[in-house]
Amino acid sequence: MIQTALTDLVYGFGVALEPHNLMWCFIGVLVGNLVGVLPGMGPMATMSILLPLTFGIPPVGAVLMLAGIFYGSQYGGAICSILLNLPCHPPHAVTCLDGFPLTQQGRGGAALGITVISSFVGASWGILEMIFLAPVLVVAALEFGPGEICSLMLLGLLAGSTLARGSPLKGIAMTICGLLIGLVGSDVETGTPRFTFGIPDLLDGVEIVALGLGLFGIAEFMKSVNRLSEVDTRYTNVTLRDLRPTRDEFRRSVPAMLRGTLIGSLCALIPGTGPTIASFISYATEKKISKTPEKFGTGMIEGVACPEASTHSSVQGDFIPTMSLGIPGDAVMALILGALTIHGVMPGPQLISAHPDIFWGLVASFWIGNIILVILNVPMIGLWVKLLTIPYKYLYPSAVFLVAIGVYSSGNSMFSVGEVVLVGIVGFVLLQLGFHPAPMLLGFVLGPRLEENFRRAMLISRGDLWVFLKHPISAVFVGLCVLLIAMQIFVRLRTPKVLPIETALRAER
Amino acid sequence: LGPTYAKKRDYLAGGLVTLLGVGVTFNSLTYSLGTLVHMGPGMFPMILGTALTFVGILILGTAVTGAPSENEHPLLDRQEWFAWACILAGPILFIILGKLFGLVAASFACVFVPALGDRTATLKSSVTLAAGVTLFGVLLFSCLLKMPLPLFQIDF
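Residues numbered from 1 in each chain as written. Chains lettered and ligands numbered in written order. Predicted model: local features only at pLDDT ≥ 70, side-chain atom pairs only at ≥ 80, totals over all residues. Heavy atoms only, no water.

Q: Would you mind going over the overall build of chain A with me for this structure?
A: Looking only at helices and strands, one finds 23 helices and 2 strands in chain A. Taken against the 2.2 N^0.38 rule, which gives 23 Å for 509 residues, the C-alpha radius of gyration of chain A at 22 Å falls within 12% of a compact globule. Principal-axis analysis of the C-alpha atoms places the extent of chain A at approximately 70 × 55 × 50 Å. Every one of the 509 residues in chain A was classed for burial, and the buried ones make up 61%. In chain A, the share of contacts with a sequence separation of at least 24, taken over all contacts with a separation of at least 6, comes to 80%. Total accessible area on chain A stands at roughly 19,300 Å², and carbon and sulfur atoms take up 69% of it. Taking the 29 positively charged and 30 negatively charged side chains of chain A as two groups, their mean positions are separated by 11 Å. (Helix = DSSP H or I, 4+ residues; strand = E, 2+ residues; numbered from the N terminus. Rg over C-alpha atoms; globule rule 2.2 N^0.38 Å. Buried < 20%, exposed > 50% of the residue type's maximum accessible area, 1.4 Å probe, protein only. Contact = heavy atoms within 4.5 Å. Areas by Shrake-Rupley, 256 points an atom, 1.4 Å probe, with all protein chains shown as cover. Lys, Arg positive; Asp, Glu negative; His and termini not counted. Charge placed at Lys NZ, Arg CZ, Asp CG, Glu CD.)

Right under this line is the structure:
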């Protein structure tokens, strides 16, 4: 097995090192790092803006670039958290707790250095996990019939909506709304237009770019306008020399790094628990097993190394269910799946065998991208830190323009720009009502496939709904769904015990 | 005042979801339902609509029974109507001006108006920003990526 994996990996490096693919990967991580550093900009909006621009290039390059934006932004986000104490990227919110005190003590550079090392260690492990686990999952998944796929999707959607941030009920409501938005347009089997309200432009369905940019672009800008105060740039004078941790700092962070990596890779395997949850759990664990838990929050280097390593290992691990089963764990992965579909690549277990260039090229590009990121972040740290001083008042108007022109270029129609405005308003109202928009995108991407597989399963079983329990694999998935719901009810009935760090972070947001 | 607001917000949220669910369910009845074996286009939306209604009622239920939570910020704690309107006006102006006068006018307005939404923005800073971004946009999208929207046009 190791032999085939290595052969495939060598093939992947061949794909990823082709000059144009290397270029897309480089552009991706560069842009990702950039938006990660800038406070108030997120990878979701960036990926949605750049998605239409990838229509002209081959699918491999497109996926390498979009993935690069995602993991690149994780590197940049840590800089923003440690030096400015701004938890604007959820996975790095916990890093603020110990990263910023370190900055105040003048060790911000060392924290950044440790972050880069931890990130690379975490990411490397995540990639290894992907190389060996994804093909195994595929072998199992190829046996799945429509019934199994259906219950697996149900599990993915349920996990994605209940384990993410916010109220689980509201998450489920958002997922169902997303599924419904996914149904807009002509019905695949009969051609009947559904929920189009007589508008011919809606017959092809809602544009994924318009939905993503409305929810994660316009709605986010409206939420943060005049709210992000002037950034405190007192500590943003970091040079290459400052990055070197002391021997003691390094010695203390290595075990924390490894623990974080492990926790992150485990979290990646549970659908719905992305990097944010991984970083929370790892910080809490690190604090619990530390000999000096009371010192956490005052600038412990372990409190930086552990969550950062787990974030990165879970970011890479997130790709496993997405690429091998076609079930995205969060909104970012949903967007990448959407991009694949637009490029005519069917996501699912057959992806690795049908498009080995995409899968193995992507895996190889992770290594290359992470190395590029280390090179970008270590010698050029001064430049990234300078970027932190760009005020939000110049950023968001430029971003609004990019949103408008990006969505226009996705279909060269002004109608989709109108869609963005409408989705933006709806998304903003939903944010105000305490709904998180991420599960909506998840539902939107899976909606049509869920319906198709449900119809097929019913056709095969002659309308017998018990078919989902009769097949053992499917029954396991359904059982896990029930367990998930039971767990939520249990948590709800018990007195809410919120972790102190969680309350602290919520207050900051 | 805070906690009552949070509760009110959940009432609103639950009500909205329930209403949407009922709406979808009734709308799906206008398509043919078919049977479970041969599902029509209305069956899946009807299932989803029913589920949505159920979830909406559950949200309402938790709003009634649950203790008001403190760590959620209340509904519309700081209203920035002017800034919100400016941001939304950006893409809307992009549509209108893009159709009437072409890319340059559309881009300029799409940056200039949202920029005015910031409290510290001045007319001069907004014009400078808008001009810069327009130049960048024209170079990237029109010259490099060959977007079919003409730079200048008059089309009523």
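Resuming the write-up.
Q: Would you take a moment to explain the packing of aromatic side chains for this structure?
A: How two aromatic rings sit relative to each other is given by the distance of their centres and the angle of their planes. Residue and element names in this part refer to chain A. Scanning the entire structure with this criterion turns up 15 aromatic pairs over all chains. Taking the centre distance of 5.9 Å and the plane angle of 75° together, the rings of Phe144 and Phe477 count as edge-to-face. Note that Phe144 is positioned in the loop between helix H6 (108-141) and helix H7 (146-162) and Phe477 in helix H22 (residues 472-493), a separation of 333 residues in sequence. There is no split in this pair, since Phe144 and Phe477 are both buried. (Phe/Tyr/Trp six-rings, centres within 6.5 Å; stacked < 30°, edge-to-face > 60°.)

Q: What's the story with the pattern of salt bridges in this structure? I'm lost.
A: For side chains bearing opposite charge, pairing can occur when the charged atoms are close. Residue and element names in this part refer to chain A. On inspection of all chains with the given rule, the structure shows 13 salt bridges over all chains. Residues Asp248 and Arg251 are paired through a salt bridge, measuring 2.7 Å at the closest nitrogen-oxygen approach. Of this pair, Asp248 and Arg251 are both found in helix H10 (residues 247-269), 3 residues apart, which corresponds to roughly one turn of the helix. Here Asp248 falls in the partly exposed class, since its relative accessible area comes to 36%. (Salt bridge = Lys/Arg side-chain N within 4 Å of Asp/Glu carboxyl O.)

Q: Where do I start with the environment of Leu16 of chain B in this structure?
A: Take Leu16 of chain B: it is sitting in helix H1 (residues 2-28). With 37 residues separating them along the chain, Leu16 of chain B and Thr53 of chain B place their C-alpha atoms 9.6 Å apart.

Q: Could you clarify how one ought to interpret the packing of helix H9 (residues 208-224) of chain A against helix H18 (residues 392-411) of chain A in this entry?
A: Packed helix pairs are specified by the crossing angle of their axes together with the interaxial distance, meaning the distance between the axes. All names here are of chain A. Their axes nearest at 11 Å, the elements H9 and H18 cross at an angle of 165°. Here H18 runs roughly antiparallel to H9, going by the angle between their axes. The hand of the H9/H18 crossing is left-handed. Residue-level inspection shows Val209, Ala210, Leu213, Ile218, Glu220, Phe221 and Ser224 of H9 in contact with H18, the latter providing Tyr392, Tyr396, Ala399, Val400, Val403, Val407 and Ser410. Among the residues forming the contact of H9 with H18, the class breakdown is 11 nonpolar, 2 polar and 1 charged. (Axes fitted to C-alpha atoms, helices over the stretch in contact; angles between N-to-C directions. Parallel < 35°, antiparallel > 145°, perpendicular 65-115°, else oblique. Left-handed = near helix turned anticlockwise from the far one by under 90°. Nonpolar A, V, L, I, M, F, W, Y, C, P; charged D, E, K, R; others polar.)

Q: Would you mind going over the packing of helix H5 (residues 93-104) of chain A against helix H11 (residues 275-289) of chain A with me for this structure?
A: All names here are of chain A. Axis separation between H5 and H11 bottoms out at 8 Å; the angle between their running directions is 40°. Comparing the axis directions of H5 and H11 gives the class oblique. Seen from H5, the contacting residues are Val94, Leu97 and Asp98; seen from H11, they are Ser279, Phe280 and Tyr283. Broken down by class, the residue content of the contact of H5 with H11 amounts to 4 nonpolar, 1 polar and 1 charged.

Q: Would you take a moment to explain the side chain of Thr18 of chain B for this structure?
A: Residues and elements named next belong to chain B. When you line up the elements, Thr18 lands in helix H1. Residue classification places Thr18 among the buried positions, given a relative accessible area of 14%. With near-sequence residues (within four places) excluded, Thr18 lies in contact with Thr53, Gly56, Ile57 and Leu60.

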